Amino acid sequence: MQTKQAIQWIIDKLREDQTSDGSWDYAFETGILTDAYMIVLIRTLELKDKEELIKGLAGRILSKQRDNGTWKLFPDEKNEGNLALTVESYYALLYSGYYLENDARLLSAKEFIKANGGLENVNIYTKIMLAITGQYKWPALFPIPVEVMLLPLSFPVNFYQLSVYGRTNLAPILILSEKKFSKMTPLSPDLSDLYTDRSKDEEWAFPMEYRSIFSTIDQGVKNLIGLPAQLHSMAMDQAKSYMLDRLEPDGTFYSYFSSTFLMIYALLSLGHPKNDPVILKAMQGLLSMKTEIEGFPHIQFTTANLWNTSLISTALQAAGVPSDDPLILNANRYLLKRQHVKFGDWVIHNPQGEPGGWGFSNINTMNPDMDDTTASLRALREQAVENSSVLEAWDKGTLWLCTMQNDDGGWASFEKNIRNQWIAILPIEKAEYMFSDPSSADLTGRTLEFFGNYTTLPKSDPLIKRAVNWLLSNQESDGSWYSRWGICYINGTWAAVTGLRAAGMPTNNRAIHSAANWIKSIQNTDGGWGESCLSDIQKKYVPLQTSTLTDTSWALEILMNAEQQLSKEIRDGVQYLLCSVKKEDWTTEYPKGQAMSGTFYIHYHSYRLIFPLLALAHYREKYEEDEGI
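Since this is a predicted model, take the numbers as computed values, not measurements.

Things to note about the overall build of the protein
Right, on to step 1. Looking only at helices and strands, the protein has 24 helices and 7 strands in total.
Right, on to step 2. In terms of overall dimensions, the protein is globule-like: its C-alpha atoms have a radius of gyration of 24 Å, near the 25 Å expected for 629 residues.
Right, on to step 3. Across its three principal directions, the C-alpha atoms of the protein cover 70 × 60 × 45 Å.
Right, on to step 4. Classification of the 629 residues of the protein by burial places 63% in the buried group.
Right, on to step 5. Considering only intrachain contacts with a sequence separation of at least 6, the fraction spanning at least 24 residues in the protein is 74%.
Right, on to step 6. Approximately 23800 Å² of the protein is accessible, and the part contributed by carbon and sulfur atoms is 50%.
Right, on to step 7. Each charge sign in the protein was given a centre, from 58 positive and 75 negative side chains, and these centres are 1 Å apart.

Next comes the structure, spelled out in structure tokens:
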């Protein structure tokens, strides 16, 4: 297949897949974690009309079980299986009521669980789920008291110094831990035989370091004016209000599965009946996130319509689809309708900012992020030149981005200047991912690329210069950059190099040259590139030992930005894309995003189309004389 043919094939596929509202609703697939939790939630609420869904979700979970009875987060994950995911899957299958303990598939899972430390050895998030459903005891003292809700912004440890993602999950957890809430039903299975030492079921393995955090929070609480009982009641009310004040139109809490799941249990713990309108609407919101993959239902963690649509609109225009084509007009009309007009939590640390960003999901109205905002603005650029109403939206989005730059020169995901050293010693696994939102190479690089390539902001502007300096100071010694949200070093290096080049950095700069040498050094013999999710866990590049379409596309963008001439590496990479663009196998399903290292990985079904289209379009534009490939 030639370049022109491959580009047209992708364009035709995208044209065919666009939905009636102008968006693309490709799945946001996060393994089977949400499927397992949905079964548990449906059983907790004793919903009688969801049996077909439970059967389908259970079938999907079983379809992902490995021959040794375990489940993994990604195919090449180390060890025989993932303990927490295997526990969650085992529990959901039993709770579904359609599989018994003596089922051979469950017996093999049980054997693995007990051989690897039992329930006592799972992570804190799994323990919380088990605790609220009656399978685990709450600790006598949870490491973060609910009174943290009352600490002022001036206090070094306060609720709003956590990332928005951390806050949305922590607020209901604080309520649940204070209530020591636990709810079983007649269908609840008994997991007591999964303990290896039942005497340790109240030990949550909080490290000694947490005592200093608790002591600091405790001292701050003591300085508050009021009686302890009154303060406790105020804090509980504050945590509840935080949840209910941030419900999206579909009833979900910030449109996330995890926070909505926890909120429902928190409301139950506060005495709300299971048929409370807020709970029923939240449940309907979660059910609306159902999609179908390979014949099975899958409950998405959130929807990715806006992210898909903004990226696809931009890629199509880069590939030559004119901005007045109905394909683009409908996509951009969808985007314009979803620009935010509400103030979100971001305003707490950016009081001078005005709404104008975009969020990730189909129904997000108050939680914008840098990536979706730059992606939407790229898609709208051509129309903004000719249409005053689009230009107004463009200006609002661009101004919001400017005000969200961190003091260190970089950009984070959702908020401004959210970085605290004490977060790293919170007694919660992966706390730095869940509770912190620092500047990152992927967000800084992509935001810088937007300002450099899509606006008239001078390259000498302090905003540009500060971002360039942040990227240069955060380059790895081998020439790569680490990505907070992508997998992982290829993704981060792509974002950083394209950002630096858009900011005017020449190809002979040492940082660019070093990045190009690094990406060349990890090219596979078939001409492509592939990176393992293990890179994210080990914090160093780990090859996947095979190539993928998405990694190869990102790598090609690095080289096409870093080098003036067409090289063998670029030619071989393009050839890999042309030979593989229609491929469907495990590599096209391999996760290319992460939300929490070692816990939560994302397969974007749209990526295998978006990034090859962009790479091939940019290749054709830069090397159009080489149409022989």
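Picking up after the structure, the text goes on.
Comments concerning the packing of aromatic side chains
Right, on to step 1. Applying the stated criterion across every chain yields a total of 37 aromatic pairs.
Right, on to step 2. Ring centres of tyrosine 136 and tyrosine 195 lie 5.7 Å apart, and the angle between their planes is 35°; this geometry places the pair in the tilted category. Separated by 59 residues along the polypeptide, tyrosine 136 in the loop between helix 6 (124-132) and helix 7 (164-179) and tyrosine 195 in the loop between helix 7 and helix 8 (210-222) bring together distant segments of the chain.
Right, on to step 3. Its relative accessible area of 4% is what places tyrosine 136 among the buried residues.
Right, on to step 4. Exposure remark for tyrosine 195: the relative accessible area of 6% places this residue in the buried category.
Right, on to step 5. With centroids separated by 4.9 Å and ring planes inclined at 90°, the aromatic side chains of tyrosine 607 and phenylalanine 611 adopt a geometry described as edge-to-face. With a gap of 4 residues between them, tyrosine 607 and phenylalanine 611 both fall in helix 24 (residues 607-622), about one helical turn apart.
Right, on to step 6. A relative accessible area of 7% places tyrosine 607 in the buried class.
Right, on to step 7. Taking relative accessible area as the criterion, phenylalanine 611 reaches 5% and is therefore assigned buried.
Right, on to step 8. Through pairs of rings, three or more aromatic residues link up here, namely Phe28, Trp307, Phe360, Trp494, Trp554, Tyr604, Tyr607 and Phe611.
Right, on to step 9. Residue placement shows arginine 484 over the ring face of tryptophan 485; its charged tip is 3.9 Å from the ring centre.

Some words on unusual backbone geometry
Right, on to step 1. With an omega of -20°, the peptide bond between isoleucine 487 and cysteine 488 qualifies as cis.
Right, on to step 2. Looking at the secondary structure, you find cysteine 488 in the loop between helix 18 (462-473) and helix 19 (489-502).
Right, on to step 3. Here glutamate 46, not a glycine, exhibits a phi torsion of approximately 55°, which is positive.
Right, on to step 4. In this fold, glutamate 46 is placed in the loop between helix 2 (33-45) and helix 3 (51-63).
Right, on to step 5. In this structure, glutamate 294 is a non-glycine residue whose phi angle is positive, near 55°.
Right, on to step 6. Tracing the backbone through its elements, the reader meets glutamate 294 in the loop between strand 2 (290-293) and strand 3 (296-299).

Overview of empty space enclosed by the protein
Right, on to step 1. Summed over the entire model, instances satisfying the criterion amount to 4 cavities of 30 Å³ or more.
Right, on to step 2. The space that makes up the largest cavity amounts to roughly 90 Å³.
Right, on to step 3. If you trace the largest cavity, you find it lined by Thr548, Leu549, Thr550, Thr587, Thr588, Tyr590, Pro591, Lys592, His603, Tyr604, Tyr607 and Arg608.
Right, on to step 4. Breaking the lining of the largest cavity down by element, the ones donating at least two residues are helix 22 (549-562), strand 7 (600-604) and helix 24.
Right, on to step 5. Its residues assigned to classes, the lining of the largest cavity shows 5 nonpolar, 5 polar and 2 charged.

Focus: helix 14 (residues 370-386)
Right, on to step 1. An ideal rise of 1.5 Å per residue puts 24 Å on 17 residues; helix 14 measures up with 25 Å between its terminal C-alpha atoms.
Right, on to step 2. Along helix 14, the sharpest kink reaches roughly 50°, centred on leucine 380.
Right, on to step 3. Most of helix 14 sits inside the fold, with 13 of its 17 residues counted as buried.
Right, on to step 4. The N-cap of helix 14, judged by a side-chain oxygen 3.1 Å from the amide nitrogen of aspartate 371 a few residues on, is aspartate 369.

Some words on the pattern of salt bridges
Right, on to step 1. Overall, the coordinates contain 22 salt bridges when judged by the stated rule.
Right, on to step 2. The partner of arginine 246 in a salt bridge is aspartate 345, with the nearest N and O atoms 3.0 Å apart. A residue pair is termed long-range when its members are at least 10 positions apart, and arginine 246 in the loop between helix 9 (228-244) and helix 10 (257-269) and aspartate 345 in the loop between helix 13 (326-337) and helix 14 qualify at 99 residues.
Right, on to step 3. On the basis of relative accessibility, which here comes to 6%, the residue aspartate 345 falls in the buried class.
Right, on to step 4. Via salt bridges that share partners, Arg167, Arg246, Asp345 and Glu415 belong to a single interconnected network.

Overview of the environment of serine 177
Right, on to step 1. Counting through the fold element by element, serine 177 comes out in helix 7.
Right, on to step 2. On the accessibility criterion, serine 177 (2% relative accessible area) is buried.
Right, on to step 3. Sequence spacing of serine 177 and proline 143 is 34 residues, and the spatial spacing of their C-alpha atoms is 9.6 Å.
Right, on to step 4. Residues contacting serine 177, with those up to four places away along its chain left out, are Trp138 and Phe142.
Right, on to step 5. One polar contact links the side chain of serine 177 to the main-chain carbonyl oxygen of leucine 174, over a distance of 3.0 Å.

Focus on the environment of serine 521
Right, on to step 1. Position of serine 521 among the secondary structure elements: in helix 20 (residues 510-521).
Right, on to step 2. Note on serine 521: relative accessible area 55%, which makes it exposed.
Right, on to step 3. Along the chain, serine 521 and glutamate 569 lie 48 residues apart, while their C-alpha atoms are 10.0 Å from each other.
Right, on to step 4. A polar side-chain atom of serine 521 sits 2.6 Å from the main-chain carbonyl oxygen of tryptophan 518.

Side note on the sheet that holds strand 1 (residues 28-29)
In a beta sheet, neighbouring strands are held together by backbone hydrogen bonds and run either parallel or antiparallel to one another.
Right, on to step 1. Spatially, 1-7-6 is the arrangement adopted by the 3 strands of the open sheet, whose pairing is antiparallel. Both outer strands of the open sheet, strand 1 and strand 6 (593-596), are each paired with one neighbouring strand and no more.
Right, on to step 2. Direction of pairing for strand 6 relative to strand 7: antiparallel, over a ladder of 3 bridges. Following the sheet pairing, glutamine 594 is matched in strand 7 by tyrosine 601.

Quick notes on the side chain of serine 440
Right, on to step 1. Within the secondary structure layout, serine 440 lies in the loop between helix 16 (431-434) and helix 17 (441-454).
Right, on to step 2. Side-chain polar atoms of serine 440 contact the backbone nitrogen of leucine 443, separated by 3.4 Å.
Right, on to step 3. The contact partners of serine 440, leaving out residues within four places of it in the chain, are Trp411, Trp470 and Arg484.

Re the state of the cysteines
Right, on to step 1. Here the structure, examined in full by the defined rule, presents 0 disulfides.
Right, on to step 2. In this structure cysteine 533 is a free cysteine whose sulfur lies 8.7 Å from that of cysteine 488, the closest cysteine sulfur available.

Description of the pairing of strand 2
Right, on to step 1. Of the two faces of strand 2, only one is covered, namely that formed by Thr291 and Ile293; the face formed by Lys290 and Glu292 stays uncovered.
Right, on to step 2. When strand 2 meets strand 3, the two strands line up antiparallel, connected through 4 bridges. Directly across from isoleucine 293, in strand 3, lies its bridge partner phenylalanine 296.
Right, on to step 3. Following strand 2, the chain reverses through 2 residues before pairing antiparallel with strand 3; glutamate 294 in that reversal takes a positive phi of roughly 55°.

Reading the values: rules and limits
- Residues numbered from 1 in each chain as written.
- Predicted model: local features only at pLDDT ≥ 70, side-chain atom pairs only at ≥ 80, totals over all residues.
- Heavy atoms only, no water.
- Helix = DSSP H or I, 4+ residues; strand = E, 2+ residues; numbered from the N terminus.
- Rg over C-alpha atoms; globule rule 2.2 N^0.38 Å.
- Buried < 20%, exposed > 50% of the residue type's maximum accessible area, 1.4 Å probe, protein only.
- Contact = heavy atoms within 4.5 Å.
- Areas by Shrake-Rupley, 256 points an atom, 1.4 Å probe, with all protein chains shown as cover.
- Lys, Arg positive; Asp, Glu negative; His and termini not counted.
- Charge placed at Lys NZ, Arg CZ, Asp CG, Glu CD.
- Phe/Tyr/Trp six-rings, centres within 6.5 Å; stacked < 30°, edge-to-face > 60°.
- Lys NZ or Arg CZ within 6 Å of the ring centre and 35° of its normal.
- 1 Å grid on protein atoms, 1.4 Å probe; cavity = no way out; pocket = protein on both sides within 12 Å on 5 of 7 lines; lining within 4 Å.
- Points joined across faces, edges and corners; volume = space filled by probe spheres on them.
- Nonpolar A, V, L, I, M, F, W, Y, C, P; charged D, E, K, R; others polar.
- Expected span 1.5 Å × (residues − 1).
- Bend = angle between axes of the 7 residues up to and from the residue.
- Polar contact = N/O pair within 3.5 Å; in protein donor to acceptor, adjacent residues only side chain to side chain.
- Salt bridge = Lys/Arg side-chain N within 4 Å of Asp/Glu carboxyl O.
- Pairing = 2+ DSSP bridges.
- Disulfide = S-S within 2.5 Å.

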